[in-house]
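Next come the chains, spelled out residue by residue.
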Amino acid sequence: MKWLWSILLMALAFVPCVSAQTLWQYGRIVDVNKSVNTRTKAWVVNTPITEDETTYTISVHVQDKIMIGTYELTPEDSAPPEEWTTNYPLKIQIVGNRLYLRSPIGDVTLHVVRRKNAKLMMPLTAQEKKQLEQIEAPAGSFVGFSDDKKTTANTAKPVEAAPLPAPAPLPATMGTVNVRSTPYLSEVFVDGDSMGYTPAKVSLPPGKHSFRVEKPGYKSWTKEITITIGSELTLDASLEKK
């Protein structure tokens, strides 16, 4: 009887290891935020020696969840691609508390700090899926968060397939809208969904889209525009006080 309990306990202990890792999935960028903090490294004759620490916070929509992760920029790392605007498609994988992001123009590893429920993600187009399925990169090519800068045999790594030739850049399938406002830091809604705060850069599929800009103490500003593939538009929202 004791050996049965031993087998059961071993099986239960193995379950978290399996559930902690998921296969590659499709996702879309929600937003990318950069913050810079200045810290004091040392004091020399009552003069502080400081350095800037840059941290990126990236939110990603996958299925019905928003995954939020961070990583600190180091001299060996690079910033997230500028093309990673709202709704930009990519592949993601979750391994423990790490979130791997992969796209044709850059890969990043994040430390997951928050998960929250959301509406179902907008499905990827056939062209977006085709481009993402061609992406493969050698293991260890990710930049960003790491528990230890020295790689060990026990370090969690994303599940990799055989490397393929580098794919062509992702063709334009979306349009881009830059939203600015007076006052600053007003919340932007597109088709009823929050897209963050101004100034915001939003990537959207072709078609008509409804924009709403709000800020407490001000009247809502609305605008409906038509997006075409490859277009880049700018909206200036001037909010009136109530």
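Residues numbered from 1 in each chain as written. Predicted model: local features only at pLDDT ≥ 70, side-chain atom pairs only at ≥ 80, totals over all residues. Heavy atoms only, no water.

> Just checking my understanding: could you explain the overall build of the protein for this structure?
Each helix and strand in the protein was counted, giving two helices and 14 strands. Here the protein holds 242 residues, and the buried ones make up 38% of them. Considering only contacts in the protein between residues 6 or more positions apart, those separated by 24 or more positions represent 61%. By element, 56% of the accessible surface of the protein is carried by carbon and sulfur atoms, the whole surface being about 14500 Å². (Helix = DSSP H or I, 4+ residues; strand = E, 2+ residues; numbered from the N terminus. Buried < 20%, exposed > 50% of the residue type's maximum accessible area, 1.4 Å probe, protein only. Contact = heavy atoms within 4.5 Å. Areas by Shrake-Rupley, 256 points an atom, 1.4 Å probe, with all protein chains shown as cover.)

> I tried to follow the packing of aromatic side chains on my own but got confused; where do I start?
For any two aromatic rings, the description comes down to two numbers: the centre-to-centre distance and the angle of the planes. Using the criterion set out here, one finds one aromatic pair in the structure. Relative to Tyr71, the ring of Tyr56 lies with its centre 5.8 Å away and its plane at 25°, an arrangement referred to as stacked. In this pair, Tyr56 sits in strand S2 (residues 47-62) while Tyr71 sits in strand S3 (residues 65-72), placing the two residues 15 residues apart along the sequence. Residue Tyr71 is classed as buried on the basis of its relative accessible area of 1%. (Phe/Tyr/Trp six-rings, centres within 6.5 Å; stacked < 30°, edge-to-face > 60°.)

> Just to check I follow, could you spell out the pattern of salt bridges for this structure?
Side chains that differ in sign of charge can pair as their charged atoms come close. Within the structure shown, the criterion is met by five salt bridges. Salt-bridge contacts for Arg28 lead to Glu128; the nearest nitrogen and oxygen are separated by 2.9 Å. Of this pair, Arg28 sits in strand S1 (residues 25-44) while Glu128 sits in helix H2 (residues 126-133), placing them 100 residues apart in sequence. We classify Arg28 as buried; its relative accessible area is 2%. Overall, Glu128 belongs to the buried group, its relative accessible area being 0%. A salt bridge links Lys119 to Asp193, with the nearest nitrogen and oxygen atoms 2.9 Å apart. Of the two residues, Lys119 is situated in the loop between strand S6 (106-117) and H2 and Asp193 in strand S10 (residues 193-197); the sequence distance between them amounts to 74 residues. The exposed category is assigned to Lys119, whose relative accessible area is 57%. (Salt bridge = Lys/Arg side-chain N within 4 Å of Asp/Glu carboxyl O.)

> What is the right way to look at the sheet that holds strand S14 (residues 232-238) in this model?
Where strands meet in a sheet, backbone hydrogen bonds hold them as pairs that are either parallel or antiparallel. Read across the sheet, three strands follow the order S11-S8-S14 without closing on themselves; strand pairing throughout is mixed. In the strand order of this sheet, the two ends are held by strand S11 (200-204) and S14, each with one partner. Neighbouring strand axes in the sheet, compared pairwise and without regard to direction, differ in orientation by 25° on average. Pairing geometry for strand S8 (residues 175-182) and S11, over five bridges, is antiparallel. From the neighbouring strand, Val177 faces S11, where its bridge partner is Val202. (Pairing = 2+ DSSP bridges. Axes fitted to C-alpha atoms, helices over the stretch in contact; angles between N-to-C directions.)

> Whenever I open this one, the side chain of Ser203 confuses me. Can you help?
Counting through the fold element by element, Ser203 comes out in strand S11. On the basis of relative accessible area, Ser203 is assigned to the buried category, the value being 8%. Leaving out residues up to four positions away in the same chain, Ser203 has contacts with Thr85, Thr86, Asn87, Met174, Gly175 and Thr176.

> Just checking my understanding: could you explain the environment of Ile225 for this structure?
Along the chain, Ile225 falls in strand S13 (residues 221-227). Separated by 10 residues in the primary sequence, Ile225 and Leu235 have C-alpha atoms spaced 9.6 Å apart.

> How do you make sense of the environment of Ser181 when you look at a structure like this?
If you trace the backbone, Ser181 turns up in strand S8. Put simply, Ser181 and Val213 are 32 residues apart on the chain and 8.0 Å apart in space, counted from C-alpha to C-alpha. At a separation of 3.4 Å, a polar atom in the side chain of Ser181 contacts the side chain of Ser186. (Polar contact = N/O pair within 3.5 Å; in protein donor to acceptor, adjacent residues only side chain to side chain.)

> Honestly, the pairing of strand S9 (residues 187-190) in this entry has me stumped. Any pointers?
The side chains of a regular strand alternate, residue by residue, between the two faces of the sheet. Of the pairings in the sheet, the one linking S9 to S10 comprises three bridges and is antiparallel in character. Pairing of Glu187 across the sheet is with Tyr197, part of S10. What sits between the antiparallel neighbours S9 and S10 is a turn of two residues, in which Asp191 has the positive phi angle 55°.

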